[in-house]
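Next come the chains, spelled out residue by residue.
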Amino acid sequence: MKRAVGPLWVTVPLVAATVLSCAPAGHSGTEHDKGRATASRHAGPGSTTAEPAAGRRAGLAAPDKKELAQQLVSSAENSTLDWRGQYGYIEDIGDGRGYTAGIVGFCSGTHDLLTVVERYTKGHPGNRLARYLPALRDVDGTDSHRGLGPGFTAAWRAEARVAAFRRVQDAERDRVYFRPAVRRAERDGLGTLGQFVYYDAMVMHGAGRGPDGFDGLRERAVAEADTPAEGGPEKEYLDIFLDVRRRAMKASPDHRDTTRIDTAQRRFLYDGNLDLDTPLEWKVYGEPYRVE
C-alpha cells in the first residue's frame, strides 16, 4: 500500500558542505569535491522559446528551461552557474572511478568518458585524444591511469577548446541523461520541476536498478506513491521521490550532503513552483544562487 504524506509546507534546514558528484552513465554516482571554491552567483543571458502549442507547457526541453537545468546541475556539480566553463574540467577526485571530466562528470572508469572520446574520434579522427583510446579501453571499469596521465588530461583540456568536442559532450549528456530523464518524467505525468528532479537524479546516480541507481530510486518511490499519470498528486509524489533519493544519499559515505535536495529542489517544491518559473533562488552547500 502506498503511504500518504504529511503537509508539504514545512521549513527545511540548511546544510553547508562542499562535496560534489560524479555521474557515470548506467552506474551509481559518487559525491565529491571538485575543488571549485568560488561560486558564480549570477546567471548568464537566457534563451527564448516559442509558446507551446495548444496551451501545453513546454517542460524542461524548452530552451530556456534546459539552460536553467544546466545551471542548476552545475551549481551542485561545480559550484558555479557557468556550466559552459566545464567542458575542459578533468581530474581524479579519488572516488574509485578514475578521471572525472567534462560538463556532467564523464568518468574513465565507468565507460561514458570512453564513449565521448570514441564518438568524437569517429567524426574527427586526428584529434589529440584519439591516441588514448586503447588506454581508455584498458582502464574502463577501474580507477587506473595506466597509459593516460598528464598527456591525456592536457589533451582533454586542449580539445575542450574545439567546438566539435563541446558538441559531442552536449550530445552525450542529452543522449544518456537529459532525454531519458525527461521522457520518463513525462510518462509519469510530471511537469518541469519533476522533469528536473529526475534529470538531476540521473546525472548524480546514473541509470540502473541498483540500490542508488535512478531506476531503483524511482521504483521505490512508485511503490510508495502514485505518479500523476496514475492519478496521484504531483507534489506528494515528488516529495516522496525526494525522500527516497535523500535516504539513498545519506546511506552512502560519498553522498551525505543533500543540500541539492534540501535547499534547492525541495525549496522549489514547497514554494509550489512546479514550472520552475524565474526568478529562482536556491542554495547548495551553503552557497546562494539566483537566476533572473
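Read on for a plain summary of the structure.

So, the pattern of salt bridges
Inspection of the entire model under this criterion finds 22 salt bridges. For Arg-175, the salt bridge identified is with Glu-172, shortest N-O distance 2.5 Å. Of this pair, Arg-175 and Glu-172 both sit in helix α5 (residues 163–187), three residues apart, which is roughly one turn of that helix. Judged by relative accessible area, which is 38%, Arg-175 ranks as partly exposed. On the basis of relative accessibility, which here comes to 3%, the residue Glu-172 falls in the buried class. If you follow the salt bridges from partner to partner, you end up with Lys-66, Asp-170, Arg-173 and Asp-174 in one network.

Observations regarding the nonpolar core
Judged by nonpolar contacts, the single largest core of 76 residues is most densely connected at Phe-152, Trp-156, Tyr-199, Tyr-237, Phe-241, Leu-276 and Trp-282. What Phe-152 contacts, discounting residues up to four positions off in sequence, is Ile-90, Tyr-99, Leu-113, Leu-129, Tyr-132 and Leu-136.

Looking at the pairing of strand β7 (residues 287–291)
In terms of strand pairing, strand β6 (residues 280–284) meets β7 through five bridges, oriented antiparallel. Looking at the pairing, Glu-281 lines up with Arg-290 of β7. The turn joining β6 and β7, which pair antiparallel and follow one another in sequence, is formed by two residues; a positive phi near 55 degrees is taken by Tyr-285.

Side note on the packing of helix α1 (residues 63–77) against helix α6 (residues 192–205)
Contact geometry for α1 and α6: axes closest at 11 Å, N-to-C directions at 40 degrees. Overall, the two elements α1 and α6 adopt an arrangement that is oblique. Here the hand of the crossing between α1 and α6 comes out right-handed. Facing Lys-65, Ala-69, Gln-70, Leu-72, Val-73 and Glu-77 of α1, the residues of α6 in contact are Thr-192, Phe-196, Tyr-199, Asp-200 and Val-203. Here the residues of the contact of α1 with α6 are counted per class, giving six nonpolar, two polar and three charged.

What about the environment of Gln-86?
Looking at where Gln-86 falls in the secondary structure, it is placed in the loop between α1 and β3 (90–92). Taking the relative accessible area as the measure of exposure, Gln-86 reaches 5% and is therefore buried. With 80 residues separating them along the chain, Gln-86 and Arg-166 place their C-alpha atoms 9.8 Å apart. A polar contact is formed between the side chain of Gln-86 and the side chain of Asn-78, at a distance of 3.4 Å.

Quick notes on the rules
Residue numbers here run from 1 along each chain, matching the order of that chain's written sequence. With pLDDT at 70 or above as the cut-off, local features in this predicted model cover only qualifying residues; side-chain atom pairs require 80 or more to be listed or tallied, and sums for whole chains, interfaces and linings still use all residues. Excluded from the side-chain calculation are hydrogens and water; included are all heavy atoms of the structure. A pair is scored as a salt bridge if a Lys or Arg side-chain nitrogen falls within 4 Å of a carboxyl oxygen belonging to Asp or Glu. Strands here are runs of E lasting at least two residues and helices are runs of H or I lasting at least four, both read from the DSSP assignment and numbered beginning at the N terminus. Think of it in three bands: residues with accessible area under 20% of the maximum for their type are buried, residues over 50% are exposed, and the middle band is partly exposed, with areas taken using a 1.4 Å probe on protein chains only. Each nonpolar core is a collection of buried residues, namely Ala, Val, Leu, Ile, Met, Phe, Trp, Tyr and Cys, held together in the definition by side-chain atoms within 4.5 Å. Should any heavy atoms of two residues lie within 4.5 Å, those residues are counted as being in contact. Criterion used throughout: strands pair if DSSP finds at least two bridges between them. Note on method: axes are straight lines fitted to C-alpha atoms, helices fitted across the in-contact stretch only, with angles between N-to-C directions ranging 0 to 180 degrees. Should an angle fall under 35 degrees it is called roughly parallel, over 145 degrees roughly antiparallel, and 65 to 115 degrees roughly perpendicular, with every other angle called oblique. Helix crossings get a hand from a simple test, with the near helix turned counterclockwise from the far one by less than a right angle marking a left-handed crossing and a clockwise turn marking a right-handed one. Under the scheme applied here, ten amino acids are nonpolar (Ala, Val, Leu, Ile, Met, Phe, Trp, Tyr, Cys and Pro), four are charged (Asp, Glu, Lys and Arg), and all others, including Gly, are polar. Pairs of N or O atoms are called polar contacts if they sit within 3.5 Å, as long as, within protein, a hydrogen donor faces a hydrogen acceptor (for residues adjacent in sequence, only side-chain-to-side-chain pairs).

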